[in-house]
Amino acid sequence: MNPLPNIVLVHGAWADGSSWSAVIERLQARGYNVTAPQFPLSALADDVARLRQVLARQDGPTIVAGHSYGGQIMTALGTDAPNVVGLVYIAAFGLDEAESIGALLASGPPPPAIAHLDIDERGFAWLPEDDFVNHFAADVDPVQARVMYAVQQPLAGSALGTVMGVPAWKSLPTWYMVASNDEAIPPDAERQFAQRMGATTVEVAASHVAMVSHPNDVVMLTETAAEASLVAS
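Residues numbered from 1 in each chain as written. Predicted model: local features only at pLDDT ≥ 70, side-chain atom pairs only at ≥ 80, totals over all residues. Heavy atoms only, no water.

1. Brief notes about the packing of helix α1 (residues 21-29) against helix α10 (residues 215-232)
Consideration 1: Axis separation between α1 and α10 bottoms out at 9 Å; the angle between their running directions is 50°. One way to sum up the angle between α1 and α10 is to call them oblique. Crossing of α1 against α10: the hand is right-handed. Of the residues in α10, those in contact with Ala22, Val23, Arg26 and Leu27 of α1 are Pro215, Asn216, Val218, Val219, Thr222 and Glu223. (Axes fitted to C-alpha atoms, helices over the stretch in contact; angles between N-to-C directions. Helix = DSSP H or I, 4+ residues; strand = E, 2+ residues; numbered from the N terminus. Parallel < 35°, antiparallel > 145°, perpendicular 65-115°, else oblique. Left-handed = near helix turned anticlockwise from the far one by under 90°. Contact = heavy atoms within 4.5 Å.)

Here it is as structure tokens:
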């Protein structure tokens, strides 16, 4: 049995599991068992069900790292998070009970990356190319950013209105990476999430997709959480 904890990576909206590629490569080289599944983004309940499906396949303690809306998914595990020994938030939503992403975003002007959401006939939101390349993935090479744009997975609008139950971070140790140049989630909101969950926090001068533009920093924080779980056990 691998003495290291497993690591499950949760992608956010307008992304897929490949957004973690640089992080996966580095963690695997360090001996970690890594899983980065695809999430349907069709409803928060569907996404949480997929995460539970993946967690059930893990043999032993597991660190879960989530980006953006992926933080919403892992937070919604609540008090029933089998195998999970730590949560790592990468420029991610860390809502408290009775909060929703939509209400949070409505409390101020829309961030540039999501100011022009394109809602299709099924109620799914897509990002226009200009907003994706120049704001969502602002510090990623434009060629790579356009590839990311091409494989974006739209988010069901209903997910923005789903109200959080008891958050998983209230009963699990947490780590948080604030992306100080984020144009999708306001950095001040990220700092607030981190502070109220009592997370071990680092700040990186990154765009919203820090795991793409700053994979070494993301790996370092994830390893810090993994090492802490070994000490705790």
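2. Topic: the pairing of strand β4 (residues 84-90)
Consideration 1: Burial of β4 is extensive: six of the seven residues sit out of reach of the surface.
Consideration 2: As defined by bridge partners, strand β3 (residues 62-67) adjoins β4 across six bridges and the pair is classed as parallel. Within β4, the position partnered with His67 by the bridge is Ile90.
Consideration 3: On the question of chirality, the crossover connecting β3 to the parallel β4 by way of helix α3 (residues 69-75) is right-handed.
Consideration 4: With four bridges connecting them, β4 and strand β8 (residues 174-179) associate as parallel partners. Residue Ile90 lies in a different strand from β8, and its bridge partner there is Met177. (Buried < 20%, exposed > 50% of the residue type's maximum accessible area, 1.4 Å probe, protein only. Pairing = 2+ DSSP bridges. Right-handed = clockwise from strand over helix to strand, strands pointing away.)

3. Quick word on the nonpolar core
Consideration 1: Formed by 78 residues in total, the largest nonpolar core has its most connected members in Trp14, Trp20, Leu51, Val64, Tyr69 and Leu87.
Consideration 2: Excluding residues within four positions of it along the chain, Tyr69 makes contact with Gly12, Ala13, Leu41, Ala43, Leu44, Asp47, Phe93, Ile101, Leu155 and Ala159. (Core = buried A, V, L, I, M, F, W, Y, C linked by side-chain atoms within 4.5 Å.)

4. Focus on the side chain of His11
Consideration 1: Structurally, the position occupied by His11 is in the loop between β1 (6-10) and α1.
Consideration 2: Only 3.4 Å separates the side chain of His11 from the backbone oxygen of Ala15, close enough to count as a polar contact.
Consideration 3: A polar side-chain atom of His11 sits 2.9 Å from the main-chain amide nitrogen of Phe39.
Consideration 4: Ignoring anything within four residues of it in the chain, the contact list for His11 reads Asp16, Gly17, Ser19, Trp20, Pro37, Gln38, Phe39, Leu41, His67, Gly70 and Ile73. (Polar contact = N/O pair within 3.5 Å; in protein donor to acceptor, adjacent residues only side chain to side chain.)

5. A closer look at unusual backbone geometry
Consideration 1: With phi around 45°, Ala91 is a residue other than glycine that occupies positive phi space.
Consideration 2: With respect to the element layout, Ala91 can be found in the loop between β4 and α4 (101-106).
Consideration 3: Although it is not a glycine, Ala98 adopts a positive phi angle of roughly 80°.
Consideration 4: Note that Ala98 resides in the loop between β4 and α4.

6. Re the sheet that holds strand β5 (residues 118-119)
Consideration 1: Pairing is antiparallel across the open sheet formed by three strands, whose spatial order is β5-β6-β7. Single-partner strands in this sheet number two, and they are β5 and β7 (155-156).
Consideration 2: Sheet topology places strand β6 (residues 124-126) next to β7; two bridges connect them, and they run antiparallel. Paired with Ala125 across the bridge in β7 is Leu155.

7. Notes on the sheet that holds β8
Consideration 1: Within the open sheet, the six strands sit side by side as β2-β1-β3-β4-β8-β9. Their pairing is parallel. Two strands bound the open sheet, and with one partner strand each, they are β2 (34-35) and β9 (200-204).
Consideration 2: By the bridge criterion, five bridges tie β1 to β3 in an arrangement that is parallel. From the neighbouring strand, Val10 faces β3, where its bridge partner is Gly66.
Consideration 3: Of the strands in this sheet, β1, β2, β3 and β4 are in contact with helix α2 (residues 44-55), which crosses β1 at around 165°.
Consideration 4: Docked against the sheet, helix α8 (residues 187-196) engages β8 and β9, running at close to 165° with respect to β8.

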